[in-house]
Amino acid sequence: MEEIAFKNKHRLLPLTGTPIEGAPDEIQIVPYGNVHSKKGDFLADELAYEEIMAHFAKESNDVVIDYEHQTLEGTQAPAAGWIKTLINKGDQGLWARVEWTPRASEYLANKEYRYLSPVIWVRNSDKRAAILHSAALTNVPAIDGMVPLVNKGLVPNDEEDEKRMEFRLMVLKTLGLPDNATDEQVSAALQKMQDAARRLEGLTTFKQDVLKTLELDDNATSDQARGKIVSLKNPSGYVPVEQFNELKKRLDLKDRDELVQMALKSGKVAPAQKDWAEQYALKDPIGFKAFLEHAPVVVPVGTEIAGGDPPASGVGKPDEMQILVNKMLGIDDDAYKKFYGGGE
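Residues numbered from 1 in each chain as written. Predicted model: local features only at pLDDT ≥ 70, side-chain atom pairs only at ≥ 80, totals over all residues. Heavy atoms only, no water.

Position of Arg256 among the secondary structure elements: in helix α7 (residues 241-265). Ignoring anything within four residues of it in the chain, the contact list for Arg256 reads Glu278, Ala281 and Leu282. (Helix = DSSP H or I, 4+ residues; strand = E, 2+ residues; numbered from the N terminus. Contact = heavy atoms within 4.5 Å.)

Turning next to the packing of helix α8 (residues 274-283) against helix α9 (residues 285-294). Packing of α8 against α9 brings their axes to within 5 Å, and their N-to-C directions diverge by 125°. On the basis of their axis angle, the class for α8 and α9 is oblique. The residues of α9 that touch α8, namely those facing Trp276, Ala277, Tyr280, Ala281, Leu282 and Lys283, are Pro285, Gly287, Phe288 and Phe291. The residue makeup of the contact of α8 with α9, split by class, is eight nonpolar, one polar and one charged. (Axes fitted to C-alpha atoms, helices over the stretch in contact; angles between N-to-C directions. Parallel < 35°, antiparallel > 145°, perpendicular 65-115°, else oblique. Nonpolar A, V, L, I, M, F, W, Y, C, P; charged D, E, K, R; others polar.)

As a volume, the second largest pocket reaches approximately 380 Å³. Along its surface, the second largest pocket is lined by 19 residues, and Ser37, Lys39, Pro118, Val119 and Ala142 are the ones closest to its centre. At six residues, strand β8 (residues 115-123) tops the list of elements feeding residues into the lining of the second largest pocket. In the lining of the second largest pocket, the residues fall into eleven nonpolar, four polar and four charged. (1 Å grid on protein atoms, 1.4 Å probe; cavity = no way out; pocket = protein on both sides within 12 Å on 5 of 7 lines; lining within 4 Å. Points joined across faces, edges and corners; volume = space filled by probe spheres on them.)

Another point: the packing of aromatic side chains. Counting across every chain of the model gives nine aromatic pairs. On the numbers, 5.9 Å between centres and 65° between planes, the contact of Tyr32 with Tyr49 is edge-to-face. Taken as a pair, Tyr32 in the loop between β2 (26-30) and β3 (33-35) and Tyr49 in helix α1 (residues 46-58) lie far apart in primary sequence, 17 residues in all. Judged by relative accessible area, which is 0%, Tyr49 ranks as buried. Plain terms: the ring middles of Trp276 and Phe291 are 5.6 Å apart, the flat faces sit at 80° to each other, and that makes the pair edge-to-face. Placement of Trp276 in helix α8 and of Phe291 in helix α9 is noted, with a sequence separation of 15 residues between them. With relative accessibility at 41%, the residue Trp276 sits in the partly exposed group. One aromatic cluster is present, built from ring pairs that chain together Trp276, Tyr280, Phe288 and Phe291. Lying over the aromatic face of Trp95, Lys89 brings its terminal NZ or CZ to 4.2 Å of the ring centre. (Phe/Tyr/Trp six-rings, centres within 6.5 Å; stacked < 30°, edge-to-face > 60°. Buried < 20%, exposed > 50% of the residue type's maximum accessible area, 1.4 Å probe, protein only. Lys NZ or Arg CZ within 6 Å of the ring centre and 35° of its normal.)

Note that all results are geometric; they support no functional claim without further evidence.
Structure below.
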């Protein structure tokens, strides 16, 4: 409900939707919030309205509306109208019910005056409006943002005011702001929400990229993503790189020794060529296997100088190691019997 300051116990009828043409019955005295004025900025909030309306109700005389603030100059100052009642319209500002003189009504009907300029006493301690001294018809108001006295449109009625206030309160509650928050505070809160929405959109895109990299679908939970990352950091069968390199070196040396031993036993490499053969087999085991396949016998097979064991009578049966070497070198059973076992 709007708060109304009565003078001499006169009550007002509810507002109606009447055109703002001619001399309006209701006018805005001061806008709500931080008011910017050529005479100095001040605050017009709920507390300020209460003080202005309380002081207004104590005075027996009506507050005068003159022309161009002639009352302040101490000269002849004919009245243009009289403020009879003050009305608190919340974020729409402090309004007044006015009784106009015939000449002022004619000025307004002819749109020769457009604005009202109030004279407000401001408290020094907190720069809050405290007393309404007077007002004036003018075309150059000191306060920026006053509602024009003469303008096409409708004066909002009580039902519209109430709906507008309910909507504002709902917005303020959603933004986490107090009921008396200013338009600047609302704008700042909305900007903050918009910035947060942009950040959330960026985080959503980042999350989708991460899930895609992890080969997870968009509905994956944080626990699933965390588990996938942990598995990548410490996979099953993981060994330190130093241990892996040492193991690889040992296997490479083992393969080299087996290949060179096979070459010596098959008579395709002489003992004097052992160092060369070891380097070759270690650097390029595949190439060394190819060499053994096509190289001629240069040392009698099975002689002690070649490093092999004396040949057994008949065909020797290879052990498990020899079978592995034969498989690595691509040597079939017939070739093995021919070069090692003495077969034809």
